[in-house]
There are 4 protein chains.
Amino acid sequence: MAARIDRDVIDKSNEQFQEALEADYAALGARLDRRGIAIDDIKRKVAGFTVAVPSWGVGTGGTRFARFPGGGEPRGIFEKLNDCAVINDLGRATPAVSLHIPWDKADPADLRAKAEELGLGFDAMNSNTFQDHPDDPSQPLSYKYGSLSHTDAAVRQQAVEHNLETVSIGEAIGSKALTVWIGDGSNFPGQSDLGRAFERYLGAMKEITKGLPADWRIFSEHKMYEPAFYSTVVQDWGTSYLTAVELGEKAFCLVDLGHHAPNVNMEQIVSRLIHSRKLGGFHFNDSKYGDDDLDAGSIDPFRLFLVFNELVEAGARLDALGPSYMIDQSHNVTDPIESLIRTAGEIRRAYAQALLVDRAALRGFQDENDALMASETLKAGFRFDVEPILAKARLEAGGAIDPIAAYRTSGYRQRVSQERPASRGSGGGIV
Amino acid sequence: MAARIDRDVIDKSNEQFQEALEADYAALGARLDRRGIAIDDIKRKVAGFTVAVPSWGVGTGGTRFARFPGGGEPRGIFEKLNDCAVINDLGRATPAVSLHIPWDKADPADLRAKAEELGLGFDAMNSNTFQDHPDDPSQPLSYKYGSLSHTDAAVRQQAVEHNLETVSIGEAIGSKALTVWIGDGSNFPGQSDLGRAFERYLGAMKEITKGLPADWRIFSEHKMYEPAFYSTVVQDWGTSYLTAVELGEKAFCLVDLGHHAPNVNMEQIVSRLIHSRKLGGFHFNDSKYGDDDLDAGSIDPFRLFLVFNELVEAGARLDALGPSYMIDQSHNVTDPIESLIRTAGEIRRAYAQALLVDRAALRGFQDENDALMASETLKAGFRFDVEPILAKARLEAGGAIDPIAAYRTSGYRQRVSQERPASRGSGGGIV
Amino acid sequence: MAARIDRDVIDKSNEQFQEALEADYAALGARLDRRGIAIDDIKRKVAGFTVAVPSWGVGTGGTRFARFPGGGEPRGIFEKLNDCAVINDLGRATPAVSLHIPWDKADPADLRAKAEELGLGFDAMNSNTFQDHPDDPSQPLSYKYGSLSHTDAAVRQQAVEHNLETVSIGEAIGSKALTVWIGDGSNFPGQSDLGRAFERYLGAMKEITKGLPADWRIFSEHKMYEPAFYSTVVQDWGTSYLTAVELGEKAFCLVDLGHHAPNVNMEQIVSRLIHSRKLGGFHFNDSKYGDDDLDAGSIDPFRLFLVFNELVEAGARLDALGPSYMIDQSHNVTDPIESLIRTAGEIRRAYAQALLVDRAALRGFQDENDALMASETLKAGFRFDVEPILAKARLEAGGAIDPIAAYRTSGYRQRVSQERPASRGSGGGIV
Amino acid sequence: MAARIDRDVIDKSNEQFQEALEADYAALGARLDRRGIAIDDIKRKVAGFTVAVPSWGVGTGGTRFARFPGGGEPRGIFEKLNDCAVINDLGRATPAVSLHIPWDKADPADLRAKAEELGLGFDAMNSNTFQDHPDDPSQPLSYKYGSLSHTDAAVRQQAVEHNLETVSIGEAIGSKALTVWIGDGSNFPGQSDLGRAFERYLGAMKEITKGLPADWRIFSEHKMYEPAFYSTVVQDWGTSYLTAVELGEKAFCLVDLGHHAPNVNMEQIVSRLIHSRKLGGFHFNDSKYGDDDLDAGSIDPFRLFLVFNELVEAGARLDALGPSYMIDQSHNVTDPIESLIRTAGEIRRAYAQALLVDRAALRGFQDENDALMASETLKAGFRFDVEPILAKARLEAGGAIDPIAAYRTSGYRQRVSQERPASRGSGGGIV
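These notes cover the structure that comes with them. Since the structure is predicted, the reported quantities are computational estimates derived from the model, not experimental observations.

1. Brief notes about helix H11 (residues 336-355) of chain B
All names here are of chain B. In this model, H11 (20 residues) spans 29 Å end to end at C-alpha, consistent with the 28 Å of a helix rising 1.5 Å per residue. Counting buried positions along H11 gives 20 out of 20 residues, so the element sits mostly inside the fold. For H11, the N-terminal capping position is held by Asp335, with its side-chain oxygen 2.9 Å away from the main-chain nitrogen of Ile337.

2. Re the pattern of salt bridges
One pass over the full model with this rule turns up 176 salt bridges over all chains. Here Arg342 of chain A ties to Glu376 of chain D by a salt bridge, and the two come within 2.8 Å at their closest N and O atoms. Of this pair, Arg342 of chain A sits in helix H11 (residues 336-355) while Glu376 of chain D sits in helix H13 (residues 371-383), placing the two residues on different chains. Arg342 of chain A gets classed as buried once you look at its relative accessible area, which sits at 7%. Residue Arg408 of chain A pairs with Asp370 of chain D through a salt bridge whose shortest N-O separation is 2.6 Å. In this pair, Arg408 of chain A sits in helix H15 (residues 403-410) while Asp370 of chain D sits in the loop between helix H12 (359-367) and H13, so the two residues belong to two different chains. You can call Arg408 of chain A partly exposed: its relative accessible area is 35%. For Asp370 of chain D, a relative accessible area of 13% corresponds to the buried category. When salt bridges with common partners are traced through the structure, they connect Asp295, Arg342, Glu346, Arg349, Glu387 and Arg394 of chain A together with Glu376, Lys379 and Arg383 of chain D into a single cluster.

3. Some words on the interface of chain D and chain B
Counting residues at the interface gives 58 residues for chain D, matched by 58 residues for chain B. When the two sides are added together, the surface that chain D and chain B hide from each other amounts to roughly 4,900 Å², 62% of it contributed by carbon and sulfur. Here chain D is connected to chain B by six salt bridges. For the salt bridge of Asp293 of chain D with Arg64 of chain B, the shortest nitrogen-to-oxygen distance reads 3.0 Å. At the boundary of chain D and chain B, one finds 15 residue pairs in polar contact (both at pLDDT 80 or more).

4. Some words on the pairing of strand S10 (residues 279-284) of chain D
In regular strands, side chains alternate between the two faces of the sheet. Residues and elements named next belong to chain D. Counting buried positions along S10 gives six out of six residues, so the element sits mostly inside the fold. With four bridges joining them, strand S9 (residues 251-256) and S10 adopt parallel strand pairing. Looking across to S10, one finds that Leu254 is bridged to Gly281. The β-α-β motif built from S9, the intervening helix H8 (residues 266-275) and the parallel element S10 has right-handed crossover chirality. Where S10 lies against strand S11 (residues 324-327), four bridges are found, and the strand directions are parallel. Paired with Phe284 across the two strands is Ile327, which belongs to S11.

5. A word on the relation of the copies chain C and chain A
Laying chain C over chain A is done by rotating through 180° and shifting 0.0 Å along the axis; what remains is an RMSD of 0.0 Å. Look at the turn and shift together and you get a two-fold axis relating the two. Within chain C, the C-alpha atom positioned nearest to the axis of rotation is that of Arg64 of chain C, 2.1 Å from it. Interface residue correspondence from chain C to chain A reaches 100%, placing this contact among same-surface, isologous pairings.

6. Focus on the sheet that holds strand S3 (residues 121-122) of chain B
Residues and elements named next belong to chain B. With parallel pairing, the three strands of this open sheet are ordered in space as S1-S2-S3. The sheet terminates laterally at strand S1 (53-54) and S3, the two strands that pair on one side only. Sheet analysis places strand S2 (residues 96-98) next to S3, joined by two bridges and oriented parallel. The residue of S3 that forms the bridge with Val97 is Phe122.

7. Notes on the packing of helix H4 (residues 108-118) of chain D against helix H5 (residues 153-173) of chain D
Residues and elements named next belong to chain D. Two numbers describe how H4 lies on H5: the axes approach to 9 Å, and their chain directions differ by 45°. Overall, the two elements H4 and H5 adopt an arrangement that is oblique. The chirality of how H4 crosses H5 is right-handed. In contact with Pro108, Leu111 and Arg112 of H4, H5 contributes Ile169, Ala172 and Ile173. When the residues that make up the contact of H4 with H5 are grouped by side-chain class, the tally is five nonpolar, no polar and one charged.

8. Structural notes on the packing of helix H2 (residues 39-47) of chain B against H11 of chain B
Residue and element names in this part refer to chain B. Direction vectors running N to C along H2 and H11 enclose 140°, while the axes themselves pass 10 Å from each other. The angle between the axes of H2 and H11 places the two elements in the oblique class. The handedness of the crossing between H2 and H11 is right-handed. Of H11, the residues touching H2 (which contributes Ile42, Lys45, Val46 and Ala47) are Arg348, Tyr351, Ala352 and Leu355. Split by residue class, the contact of H2 with H11 holds six nonpolar, no polar and two charged.

9. A short note on the side chain of Asp132 of chain A
All names here are of chain A. Mapped onto the secondary structure, Asp132 falls in the loop between strand S4 (125-126) and helix H5 (153-173). Buried Asp132, no salt bridge; nearest opposite-charge side chain is Lys144, N-O distance 8.2 Å. A polar contact of 2.8 Å, which involves the side chain of Asp132, links it to the side chain of Ser142. Among the polar contacts made by the side chain of Asp132, one reaches the main-chain amide nitrogen of Tyr143 at a distance of 2.6 Å.

10. Let's talk about the relation of the copies chain D and chain B
Its rotation angle being 180°, the transformation that places chain D on chain B also includes 0.0 Å of axial translation and leaves an RMSD of 0.0 Å. When the interface residues of chain D are mapped onto chain B, 100% of them again fall at the interface, so both copies present the same face.

11. Remarks on the sheet that holds strand S9 (residues 251-256) of chain C
Strand pairing in a sheet relies on backbone hydrogen bonds. The paired strands run either parallel or antiparallel. Residue and element names in this part refer to chain C. Taken together, the six strands give an open sheet; going across it, the order is S4-S5-S7-S9-S10-S11, and neighbouring strands pair in parallel fashion. Every interior strand has two partners, whereas the edge strands, strand S4 (125-126) and strand S11 (324-327), have only one. Pairing between strand S7 (residues 217-221) and S9: four bridges, direction parallel. By the bridge assignment, Ile218 is partnered in S9 with Ala251. Sitting on the sheet, helix H7 (residues 237-247) is in contact with S7 and S9, with an inclination near 160° to S9. Most of the contacts of helix H8 (residues 266-275) go to strand S10 (residues 279-284), to which it runs at about 155°, and overall it touches S9 and S10.

Calculation notes
- Residues numbered from 1 in each chain as written.
- Chains lettered and ligands numbered in written order.
- Predicted model: local features only at pLDDT ≥ 70, side-chain atom pairs only at ≥ 80, totals over all residues.
- Heavy atoms only, no water.
- Helix = DSSP H or I, 4+ residues; strand = E, 2+ residues; numbered from the N terminus.
- Expected span 1.5 Å × (residues − 1).
- Buried < 20%, exposed > 50% of the residue type's maximum accessible area, 1.4 Å probe, protein only.
- Polar contact = N/O pair within 3.5 Å; in protein donor to acceptor, adjacent residues only side chain to side chain.
- Salt bridge = Lys/Arg side-chain N within 4 Å of Asp/Glu carboxyl O.
- Contact = heavy atoms within 4.5 Å.
- Buried area = accessible area lost by both parts, 1.4 Å probe.
- Pairing = 2+ DSSP bridges.
- Right-handed = clockwise from strand over helix to strand, strands pointing away.
- Least-squares fit on C-alpha atoms with pLDDT ≥ 70 in both.
- Axes fitted to C-alpha atoms, helices over the stretch in contact; angles between N-to-C directions.
- Parallel < 35°, antiparallel > 145°, perpendicular 65-115°, else oblique.
- Left-handed = near helix turned anticlockwise from the far one by under 90°.
- Nonpolar A, V, L, I, M, F, W, Y, C, P; charged D, E, K, R; others polar.
- Lys, Arg positive; Asp, Glu negative; His and termini not counted.

What follows is the structure in structure tokens.
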């Protein structure tokens, strides 16, 4: 398997940038100091914030029209893990990986060993009942018309068992949570009974929940549409919340930032789920139209900041919930490793900016209904260019000041492009 | 006060149309009979379905840009009630009126007497804390920055008391429910703490709920935006549901069809609220962009049908909930009386079409995942031209076969235009 | 190749339904007669209205998440044409097929012969530069980063030549138009220079236009997003119009009903393109969220009617333009043959309803600003249940009164399921 | 009339902040210097960029539900101009005012004299045919059913004459452009003939254009919806472009950032209008849902930056067009003076960030399809905290480093609140 990134490459790269970084860090430190903020405290908090990468994110994504693979696509979970390790080597923000079963099915002992070797751990497990798995003998029935909400009890049962198998793999590798996203729904009014479909879903989810280990959590993930184009069983946070309440104390809601109706205020949904103690975690990404799965913060960085503003504001209440932070993106036109590196940076950027908000002042202005100053106080946090803090945190953790530059210098993509022959086929013809 | 519609006018109008109606009713009856449906049963159910008109709906509405009043605008609640009576005289579908306090404040005994004289009753009461009421000595504080969720406890208290006063008026006139819609929210990120605002709202709503008579219900009404343009405290059905659960068994959710994000599947929200036993009622209208408050069924009649499909499908579960059916529209370019007459007809049309769906066949196709035939079976109900059923139901109840035609013949608008001098001012300058 | 539908099957099926049809047709005729409309005239116009089916529509579609194939999927263009013939045999509304190159590449003489045998013709040709074609030696360069707007002139040249090849195939089989839809755009702000990309596109389109036969037209098709998720080169009708003007008199705009922003008034776009003499044609389908490609009229039948209202209203101006009417749908959960049969019916339904609008009355109410009666007059057309007209037109043209029923009785799907072994693979893993 | 802001107040305020500003400016200068950018050049360009304030923006706005006035609302155009002068005194970015007729009707000589005294000029004039003007004897006919597109030629003529009167006032005070925004449209399908309404509009606009002075321009402003809720005559940039082409070389398109469908890529519209030489100007504001008219940059600052990225990118082509930059906002919950001060700052912020983009590098990455680095290069401009540049530009032009702070210290609002008694009425009852 391809060597990762030489320590030497990182060090040489850092040498180039370190002087400027120290100057910028000092200048920012001085500005923050004038506001009574110790820059090192912020850096420490940022360094402690990590986010999981999705195993499926290191391959090139696509649309129903086409997929245009890049060079050196990982051919299996072990190559995927290697790519994940590269991301973490450089960015030092992504020590865990989220697996997708059956895509990543392998001997759990091998998975653990490989992860340990690479310095990685495992975050929430993902089951897959939105596709058929003709090669998986445990899933002979088709999910064409649904899985956990299917009208046929046998299909529901198969889907339940697949989820439980996913849990058992997860248990063996140290995961503590299962994310359930289903594509179940309908394409035409009348195709499905909206009420009964939900009740079948709840029944199946209860079966899965019963089978969870004592220290596990289950996340229900809502999505407005796609692959179903008229109704989706778990279409919004309201339904996800109903589900989590019905399933009980192990069940929580997972918020994918791209799964909402146009114009929806997502940070308020986060706030409501914190209020109701049901926020389970995030799938970070960005989008302009639908579930575009673009790199987090690339389309609307202020919106990402507003989500982190809610998280920082929640303080101890959030700590009690301990949500899982995960990335879920589709990298169609970039090197997936590069996109994931910068995404982790963007997420930390939003967190750092949220930490820099003067919360006492903010609350004061809110209490007085000084809308302008409250708004300006919040934006003041966002306006800080916190790159020096992020870079310093990476540097001190052994990563790269400019991880994309270091990655490109390393020649990793070229190496794996040789090692991993391109798979044929650019998708297709699904229009 | 203006005479209503002469019996004679209605009778003469009906004479014109009756022969054709009988022919059409017979032809439709024959078609339904071939499908095993007795047209008279459908007519009976339709005749039993009524919807309340909003007192504020009989005046001409407007936008922030302008209001263009029509002739004969009612100048107070008693003239409004007179207009409501005209609507019911002709359409025989709207025997109840929903009042708005303080707009419609009057001696309850007078209100009762007038309603009785007109053959009307009262549906849910509406409070108003989205405007300031400089003439109402009980509401000296401003709602500019919120009401039930205001940061200032005194404003919240004032808003609570106003709601309780609204209940007490309602109690005196025979209403059994309070609809609470607030405009509370914020225009800028940071202006309001999203979590604390919701908690203040819940606290105030609990106060109101405590003050409800034993046989009353309280409806929380969600809305995505407007008048607040960044966040709204009760922004969607999820928050409305959280509210209703926290308030307990007297609290339910009211669905205004125009209060959702673009593309949202509203009939599924109705289904979820039926599932969770929290559907309290409807504000019917139609919209293309935002909360356009257009005449129900004028923009997307199939969507209105799909809502009624859920209601008919729910059967006994719906009966147990007994939701309130109310219209909430803004009539900017039509004679409000005409718009309300046709709206009541549209609502009954959707109901009649939903009743004509072959539910046994539909369920069979759903169970077999025969998406095409399920979809066609549902649409078959929608495709029926049920106007003969609606007209016959009106006729038999003493109304007009063609109520708009009869209304125009009656000269009512001309009469009230003379009696009620135009109020000056076309709104304005709020841009 | 599978036998099509026995005449006998159709006749037997029609026997079942004919009596009821005659009764319904007579009853509707009587109602229309009372309004001064001769039902046979409407039937004749409806019978004359046809719409092309897309060759790719007879296979099962899918999403980026999965494709769930049905039985008897056509394995090539000749089997696709056979399926198209079945659709036309039963529905008698779809005598032409729209091809997609290179998917449907074959010897033009064979294509012509097969079409002639099946009683089919060919409508607009479609080129494909939104996918790579590793098997097509004429297209070795990748379209990952665009085609007609690519930064590399060699890729643009390849795409131009592919379009010209598509034209030359079309010419040989009797087509008269080329539809150009490209996926070109970008996923991230900055990725592409929005202005220069458009200018490159215009340059390439001019090359293609130069190569068109004298009696051909070229259609530019706009789409808001997907596969590009930040910017799309031809993102809306404004850009499509700019393109058509710049390309000159052979160039027109094609409107796919699913390619617009949420809430957009599509019928007004149709009106504007008629005004500016640039309406080239349609891709019919329906959608609730994005480019969902659902069966036309299945989500919002009134919207489809409003499009046809513009077409009927335009009268002679439309005739001068002679737009192409084509279906473009993705059939993910239905038998594609069934979906296309009913879609053609839905399109004719909307046309028939639009024909039934009392246009003199409508214009009168419009001129008087009688918003309510104008709106009611338009809706009166929509409310007619015109199924008897559609069925009679089919019957008289040799088709089936109930074409779905006849199709199911025929056993065609079962026969082709045996003849055409299932292709393996359910898509996948593109997330 | 209220004294404006004492020089002394500004100076004292600046004393407080100047030391920190110099440090921040130096630190940023050093960072830019490392990238080969001279900070003083950027500052000079920023100082040269100005934006007009709308006369109507200094009053408190509202919604159809209510208007909550603030203290010291200006009671006429001369008090409005005074407020505008205060905005410019402090921010030094808004030396021109855009008037609205008939709201701001006054003797042109007085307007000129007052503006000269205040150091202000006049940008584009705005006509008003979206309201009735019962007090304006030149506009006796109602615009309830339209103005420039009305079915009645007399109403169209009145609207044309009103526009020409607006031009003649503008001419007398030194304006050079007329912005035409109409609310014309319809609320129900069928109410208006979409094609004929547009043709009537074009006819009327031609009349106005004929009456323009030689050196004037006319701007057509599109808007998706509101006040019309089904169709709007000039609904998008496509229709605005058709209009501008038909009107000829004096006609251009004005882009209000809040007038588009959800999710629309606005910067691409700007790019297309630059390409076609028809970009006439902007109405800056921000929005989350509809035409929310919030402070520019308050909801999505990155989007504002992307608009400026197009402007900077266009370079000489933009200079040739010389668009008008104007603010159009509704200040419902803030002091309008404060909102306009910060808005001007936000607009300059976006401009400064766009100037800091490394365009040579950006183009290189674009040409190589290096999506990630192109995107990062663009965002690098956005990430700069350019506040020191903005503040320095203000300071050197005689304004305030922190203009909101200086304004609050000045006591201006308190003074005008005493001088200008509150107007009664909080709007209302238009629901």
